[in-house]
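# Per-entry structural report
Residues per chain are reported as follows:
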Amino acid sequence: MGANRHMSVDSRGRYTPEVDGAAVSGSEGPAGSRTHNTISARRGSLMQEPVLVLNATYEPINVTAVRRAMVLMLKGVAQAEEMHNAEVHSAAHAHEVPSVIRLLAYRHIPQQSRALSRKNILLRDRNTCQFCVRVFPSSELTLDHVVPRSRGGRSSWENLVACCYRCNNSKGDRTPEEAGLKLARRPRPFTLHTSRQLMRLIGHRDERWRKYLFY
Ligand SMILES: [Zn+2]
């Protein structure tokens, strides 16, 4: 039960980086698609590795995947600030793979809940079912509307929680109280703090992100 069409279950159970999908969209056009095709990188996870996106002011604003980050670089929208220890090869060139990129033009980022997505909700809830408080792989979790949609419950950070299928079934179309379930914690709304928190969770293994996220 996704809140919108971006919330489809990742069948591979694999996580694709996403914090604020809207932040660098709008810059992808036909040129972007062409660039995609010319990078015949070896298939695999490298192109899906998370890349931290900084605004022109060095403010962290987003997390994207290597593939998209390289498109932004090739289009001259962004430049690499930190490199990954890897390269991808196209027919003629070896391309260095970024770990952190920075947008060359300042982009106004309205503080809104655009970052609402299945992945981000699961990240916020640390892949923990908010009813039975057990940790599951992403593929075994769904999103539960705390107040069911049939009762006017909205698809928002405050009304969506990570939920295992079992709890989701037993809750059905009821409120937690009606179903005799208790929320592990009140779902936190999206704030700048949440956004940083998510970026830290995604980037905790990458030392190169550190100086932009922990200060
Ligand atoms: Zn559960």
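Data block above holds the structure.
Summary of the structure given here. (Residues numbered from 1 in each chain as written. Predicted model: local features only at pLDDT ≥ 70, side-chain atom pairs only at ≥ 80, totals over all residues. Heavy atoms only, no water.)

### Re the pattern of salt bridges
For the record, the criterion: By salt bridge we mean one thing: a side-chain nitrogen of Lys or Arg within 4 Å of a carboxyl oxygen of Asp or Glu. Comment: elements are numbered from the N terminus, with helices defined as DSSP H or I runs of at least four residues and strands as E runs of at least two. For each residue, the accessible area found with a 1.4 Å probe, counting protein chains only, is set against the maximum for its type, and the residue is called buried under 20%, exposed over 50%, and partly exposed in between.
Within the structure shown, the criterion is met by 8 salt bridges. Lysine 211 is the partner of glutamate 82 in a salt bridge, and the nearest nitrogen-oxygen pair spans 2.9 Å. Of this pair, glutamate 82 sits in strand S3 (residues 78-89) while lysine 211 sits in helix H7 (residues 210-213), placing them 129 residues apart in sequence. Residue lysine 211 is classed as exposed on the basis of its relative accessible area, which comes to 54%.

### Some remarks on the sheet that holds strand S1 (residues 50-54)
The criterion, for reference: One requirement defines pairing of two strands: DSSP has to find at least two bridges between them. Working convention: axes come from line fits to C-alpha atoms, limited for helices to the stretch in contact. Angles between N-to-C directions cover 0 to 180 degrees.
One open sheet holds the 4 strands; their spatial order is S2-S1-S4-S3, and the pairing between them is mixed. Both outer strands of the open sheet, strand S2 (60-65) and S3, are each paired with one neighbouring strand and no more. Between one strand axis and the next, the sheet turns through 35° on average, direction left out of account. Pairing of S3 with strand S4 (residues 94-103), which is carried by 8 bridges, proceeds in the antiparallel orientation. Bridge assignment links glutamate 82 to a residue of S4, and that residue is valine 100.

### Topic: helix H2 (residues 66-74)
Considered for burial, the residues of H2 that qualify are Val66, Arg68, Ala69, Met70, Val71 and Leu72. A positive backbone phi angle near 80° is found at glycine 76, which sits one or two residues after H2.

### Re the coordination of the zinc ion
Here is the rule we go by: Listed donors are limited to N, O and S atoms within 2.8 Å of the metal, widened to 3.2 Å for Na, K and Ca; water is not among them, so incomplete-looking sites are possible. When four donors show all angles between 85 and 135 degrees the site is tetrahedral, when four or six donors have opposite pairs over 155 degrees and all other angles between 65 and 115 it is square planar or octahedral respectively, and in every other case it is irregular.
Around the zinc ion, the protein contributes the donor atoms Cys129 (SG), Cys132 (SG), Cys164 (SG) and Cys167 (SG), which lie 2.3 Å from the metal centre. Between the 4 donor atoms coordinating the zinc ion, the angles at the centre fall across 101 to 116°, so the site counts as tetrahedral. In the primary sequence, the donor residues of the zinc ion line up as C-x2-C-x31-C-x2-C. Here cysteine 164 lies in strand S6 (residues 160-164) and cysteine 132 lies in the loop between helix H3 (118-124) and strand S5 (141-145), a separation of 32 residues in the sequence. A relative accessible area of 29% places cysteine 132 in the partly exposed class. On the accessibility criterion, cysteine 164 (4% relative accessible area) is buried.

### Section: the pairing of S6
A large share of S6 lies buried, amounting to 5 of its 5 residues. The side-chain alternation of S6 yields two buried faces, one formed by Leu160, Ala162 and Cys164 and the other by Val161 and Cys163. Pairing between S5 and S6: 5 bridges, direction antiparallel. Within S6, the residue paired with histidine 145 across the bridge is leucine 160.

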